[in-house]
Amino acid sequence: MADETDRSLSEGEIGAALKRCPQPVVADDFVDRVMARIEVAERRRARRGVRRVWAIAAGIVIVVLAATVLLRAGTSLAPGTRLVRFTLRMPQASQVAMAGSFNGWGRRVALHARGHGLWTVRIPLRAGQYSYVFVVNGHHVIPDPHAEGYRPDGFGGQNSVIIVGSPRMTA
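Let me sum up the structure you'll find in this document. Remember, it's a predicted structure, so these values are computed and weren't measured experimentally.

Here we look at the pairing of strand 4 (residues 112–115)
Sheet analysis places strand 4 next to strand 5 (residues 118–126), joined by three bridges and oriented antiparallel. Note that in strand 5 the partner of alanine 113 across the bridge is tryptophan 119. Linking strand 4 to strand 5, which pair antiparallel, is a turn of two residues; within it histidine 116 sits at a positive phi near 55 degrees.

Overview of the pattern of salt bridges
Side chains bearing opposite charge may pair, as long as their charged atoms lie close to each other. According to the stated counting rule, one finds one salt bridge in the structure shown. Of the charged contacts, one joins arginine 33 and aspartate 29 as a salt bridge, the two residues approaching to 3.7 Å between their closest N and O atoms.

Describing the packing of aromatic side chains
Each pair of aromatic rings is reported with the distance of its centres and the angle of its planes. Applying the stated criterion to the full structure yields two aromatic pairs. Seen in terms of ring centroids, phenylalanine 86 and tyrosine 132 are 4.9 Å apart; in terms of plane orientation they differ by 70 degrees. Their pairing is edge-to-face. One end of the pair, phenylalanine 86, is in strand 1 (residues 81–89); the other, tyrosine 132, is in strand 6 (residues 128–136), and 46 residues separate them in sequence. Here phenylalanine 86 matches tyrosine 132 in class, with each residue buried. With a centroid separation of 5.9 Å and 80 degrees between ring planes, the pair formed by tyrosine 132 and phenylalanine 134 is classed as edge-to-face. One aromatic cluster in this structure is built from Phe86, Tyr132 and Phe134.

Focus: unusual backbone geometry
In the Ramachandran plot, histidine 116 falls in the positive-phi region, its phi being about 55 degrees despite a non-glycine side chain. One can find histidine 116 in the loop between strand 4 and strand 5. Histidine 116 gets classed as exposed once you look at its relative accessible area, which sits at 77%. Positive phi values are uncommon outside glycine, yet asparagine 137 reaches one of about 55 degrees.

With respect to the sheet that holds strand 5
Sheets are built from strands that pair by backbone hydrogen bonding, the pairs being arranged parallel or antiparallel. The strand order 1-5-4 describes an open sheet built from three strands, whose pairing is antiparallel. With one partner strand each, in any of the chains shown, strand 1 and strand 4 form the two edges of the open sheet. Between one strand axis and the next, the sheet turns by 35 degrees as a mean value, whatever way the strands run.

As for a positive patch on the surface
Residues Arg43, Arg44, Arg45, Arg47, Arg48, Arg51 and Arg52 make up a contiguous surface patch of positive charge. Within the secondary structure, arginine 47 is located in helix 2 (residues 30–75).

Regarding the nonpolar core
By size, the foremost hydrophobic cluster in this structure holds 22 residues, and its most contacted members are Phe86, Met98 and Phe134. Within the residue set of this core, elements represented by two or more residues are strand 1, strand 2 (96–100), strand 5, strand 6 and strand 9 (158–164). For methionine 98, the residues in contact, after removing those within four places along its chain, are Phe86, Arg108, Val109, Leu111, Val121, Ile123, Tyr132, Val133, Phe134 and Val135.

As for a nonpolar patch on the surface
A cluster of nonpolar residues, Val26, Phe30, Val31, Val34, Met35 and Ile38, forms a patch on the protein surface that exposes about 510 Å² of accessible area. Turning to its location among the elements, valine 26 is positioned in the loop between helix 1 (11–20) and helix 2.

Overview of the pairing of strand 9
For strand 9, the buried fraction is high: five of the seven residues fall into the buried class. Examined bridge by bridge, strand 6 and strand 9 share five bridges and lie antiparallel to one another. Within strand 9, the position partnered with tyrosine 132 by the bridge is serine 160. For strand 8 (residues 149–152) and strand 9, the ladder comprises four bridges, and the chain directions are antiparallel. Opposite proline 152, over in strand 9, you have glutamine 158 as the bridge partner. Linking strand 8 back to strand 9 in an antiparallel pair, the connection comprises five residues, with glycine 154 at a positive phi of about 90 degrees.

What counts, and at which threshold
- Residues numbered from 1 in each chain as written.
- Predicted model: local features only at pLDDT ≥ 70, side-chain atom pairs only at ≥ 80, totals over all residues.
- Heavy atoms only, no water.
- Pairing = 2+ DSSP bridges.
- Helix = DSSP H or I, 4+ residues; strand = E, 2+ residues; numbered from the N terminus.
- Salt bridge = Lys/Arg side-chain N within 4 Å of Asp/Glu carboxyl O.
- Phe/Tyr/Trp six-rings, centres within 6.5 Å; stacked < 30°, edge-to-face > 60°.
- Buried < 20%, exposed > 50% of the residue type's maximum accessible area, 1.4 Å probe, protein only.
- Axes fitted to C-alpha atoms, helices over the stretch in contact; angles between N-to-C directions.
- Patch = residues over 30% accessible without salt bridge, like charges linked within 9 Å, V, L, I, M, F, W, Y side chains within 5 Å.
- Areas by Shrake-Rupley, 256 points an atom, 1.4 Å probe, with all protein chains shown as cover.
- Lys, Arg positive; Asp, Glu negative; His and termini not counted.
- Charge placed at Lys NZ, Arg CZ, Asp CG, Glu CD.
- Core = buried A, V, L, I, M, F, W, Y, C linked by side-chain atoms within 4.5 Å.
- Contact = heavy atoms within 4.5 Å.

Function-wise, these values are silent; they only describe arrangement.
Shown next as structure tokens:
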């Protein structure tokens with residue numbers, strides 16, 4: 001016996017079956033409303049793209065302005081303040097810092113490697129006399145071999161002395 005699911009339907013049978021199905025009721029303005037929504041969605045998408053471009057541009061401007069402010073902050077000094085360069089030639093060092101009376105012997109100031117064992121840093125200082133030492137590799141404390149002078153550190157060693165505003169001072 002043949003299974004009815006295996007037989008093909010003719011176009012006429014399909015058409016008759018479709019006519020028996022309830023037809024959806026579509027409003028006269030259906031196509032117009034669909035097209036209007038598509039247009040609104042396209043305008044929103046376009047505005048979103050423009051907003052994205054403006055947001056990226058604003059971000060770039062903010063980064064550039066912040067960099068400019070930070071760079072200028074490093075160069076604008078309070079009246080009576082000078083940038084004083086400290087240098088140490090220490091080829092065997094992996095890191096060099098300094099501590100001194102200029103910041104109450106608090107946080108160490110890192111020197112930057114400049115190649116061939118030369119380490120440097122520039123610190124803003126007001127006119128006056130300051131004691132300082134270099135700290136090599138985190139624990140070896142040494143005075144500046146080219147300091148203007150030295151004074152006892154109270155622990156059997158010496159601190160370097162610099163007089164900001166003196167003729168020998170390098171800036």
